[in-house]
Amino acid sequence: MTEQPDEHYFTADPSVPFTRERIEVEVWDERLRLDTGSGVFARGRLDVGTAVLFRETDPPSGVERLLDLGCGYGVIGLALARRLPAAHVTAVDVNERALLLARENAAGLGVADRYEALLPGEVALDATYDEIWSNPPIRIGKAALHELLLTWLPRLAPGGRAVLVVGRNLGADSLQRWLGEQGWPTERIASAKGFRVLEVRRG
């Protein structure tokens, strides 16, 4: 079956029939078995950008509240939950099918008590996070992406950081500059396979 068009990923209820596909991925030296699905980003695979994010970073330590922004079927947030047994992870997406898969995967990995997958409007308005990890949905367009980041980055606790992976040809370098101009100091911490890994700091 061919990959679905991008717009399916960014709708609450994708129009394509729902079929699941199991994958195994190795993340930070741990093997995870996850269900992906049609109408959800990166069905049947770990996308290249997320793979670069994992390969070029070490898992965080000493943090308790994490956000996976644009979670898809959940791989980033679930990997964080597995590596940080004392942490609580919130995963956010607009695609309800993705959220269903993320919740099912959390149950399968034994982290459902510390992992919640929510629509943006379901997140408590006063929720803050020590770290945000994301392969952000660049293809929603520059204006929507900027609005997304300026909505969620202010939820970082003082001294917190966001770790983002963005394709170079999808505007990673201009995004880095723009974030700095908005008062969010941003450093490129890795570059591989056409992707940049950016670290955004809150002062």
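Residues numbered from 1 in each chain as written. Predicted model: local features only at pLDDT ≥ 70, side-chain atom pairs only at ≥ 80, totals over all residues. Heavy atoms only, no water.

A count of helical and extended segments in the protein chain gives 5 helices and 9 strands. Start at the N end of the protein chain and walk to the C end: the helices and strands fall as β-β-α-β-α-β-α-β-β-α-β-α-β-β. Structurally, the protein chain occupies a C-alpha span of about 45 × 35 × 35 Å along its principal axes. Counting every position in the protein chain, which comprises 203 residues, the buried fraction comes to 53%. Taken as two groups, the 24 positive and 29 negative side-chain charges of the protein chain have centres that lie 4 Å from each other. (Helix = DSSP H or I, 4+ residues; strand = E, 2+ residues; numbered from the N terminus. Buried < 20%, exposed > 50% of the residue type's maximum accessible area, 1.4 Å probe, protein only. Lys, Arg positive; Asp, Glu negative; His and termini not counted. Charge placed at Lys NZ, Arg CZ, Asp CG, Glu CD.)

Tallied over the entire structure, the rule returns 14 salt bridges. For glutamate 131, the salt bridge goes to arginine 161, with nearest N and O atoms at 3.0 Å. One end of the pair, glutamate 131, is in strand S6 (residues 129–134); the other, arginine 161, is in strand S7 (residues 156–167), with 30 residues separating them in the sequence. Across the pair, exposure class does not vary: glutamate 131 and arginine 161 are buried alike. Here glutamate 199 and arginine 161 are joined by a salt bridge, their closest N and O atoms 2.7 Å apart. Here glutamate 199 is found in strand S9 (residues 195–201), whereas its partner arginine 161 is found in strand S7, with 38 residues between them in sequence. Looking at glutamate 199, the relative accessible area reads 11%, which means it is buried. (Salt bridge = Lys/Arg side-chain N within 4 Å of Asp/Glu carboxyl O.)

Our focus in this paragraph is the packing of helix H4 (residues 142–152) against helix H5 (residues 172–181). Packed helices, taken two at a time, are described by the angle between their axes plus the distance between the axes. Running from N to C, H4 and H5 cross one another at 45 degrees; their axes reach a closest spacing of 12 Å. By the angle class used here, H4 and H5 are oblique. Seen along the crossing, H4 lies across H5 with a hand that is right-handed. Two secondary-structure elements touch here, H4 through Leu145, His146, Leu149 and Leu150 and H5 through Leu175, Trp178 and Leu179. Grouping the constituent residues of the contact of H4 with H5 by class yields 6 nonpolar, 1 polar and no charged. (Axes fitted to C-alpha atoms, helices over the stretch in contact; angles between N-to-C directions. Parallel < 35°, antiparallel > 145°, perpendicular 65-115°, else oblique. Left-handed = near helix turned anticlockwise from the far one by under 90°. Contact = heavy atoms within 4.5 Å. Nonpolar A, V, L, I, M, F, W, Y, C, P; charged D, E, K, R; others polar.)

The element strand S3 (residues 65–69) is largely enclosed, with a buried count of 4 among its 5 residues. Strand direction decides the pairing type here: S3 and strand S4 (residues 88–92), joined by 5 bridges, are parallel. Bridge pairing in S4 places leucine 69 opposite valine 92. For the crossover from S3 across helix H2 (residues 75–83) to S4, the handedness is right-handed. Pairing between S3 and S6: 3 bridges, direction parallel. Bridge assignment links leucine 67 to a residue of S6, and that residue is isoleucine 132. (Pairing = 2+ DSSP bridges. Right-handed = clockwise from strand over helix to strand, strands pointing away.)

A separate point is the packing of aromatic side chains. On inspection of all chains with the given rule, the structure shows 2 aromatic pairs. Note on tryptophan 28 and phenylalanine 54: the rings are 5.0 Å apart at their centroids and 80 degrees apart in plane angle, and the pair reads as edge-to-face. Here phenylalanine 54 lies in helix H1 (residues 48–55) and tryptophan 28 lies in the loop between strand S1 (20–27) and strand S2 (30–37), a separation of 26 residues in the sequence. Accessibility assignment for this pair places tryptophan 28 and phenylalanine 54 in one class, buried. A centroid spacing of 5.6 Å and a plane angle of 85 degrees characterise the contact between tryptophan 28 and tryptophan 133, whose relative ring orientation is edge-to-face. Of this pair, tryptophan 28 sits in the loop between S1 and S2 while tryptophan 133 is found in strand S6, placing the two residues 105 residues apart along the sequence. The same class applies to tryptophan 28 and to tryptophan 133, which are both buried. Through successive ring pairs, a cluster of aromatic residues spans Trp28, Phe54 and Trp133. (Phe/Tyr/Trp six-rings, centres within 6.5 Å; stacked < 30°, edge-to-face > 60°.)

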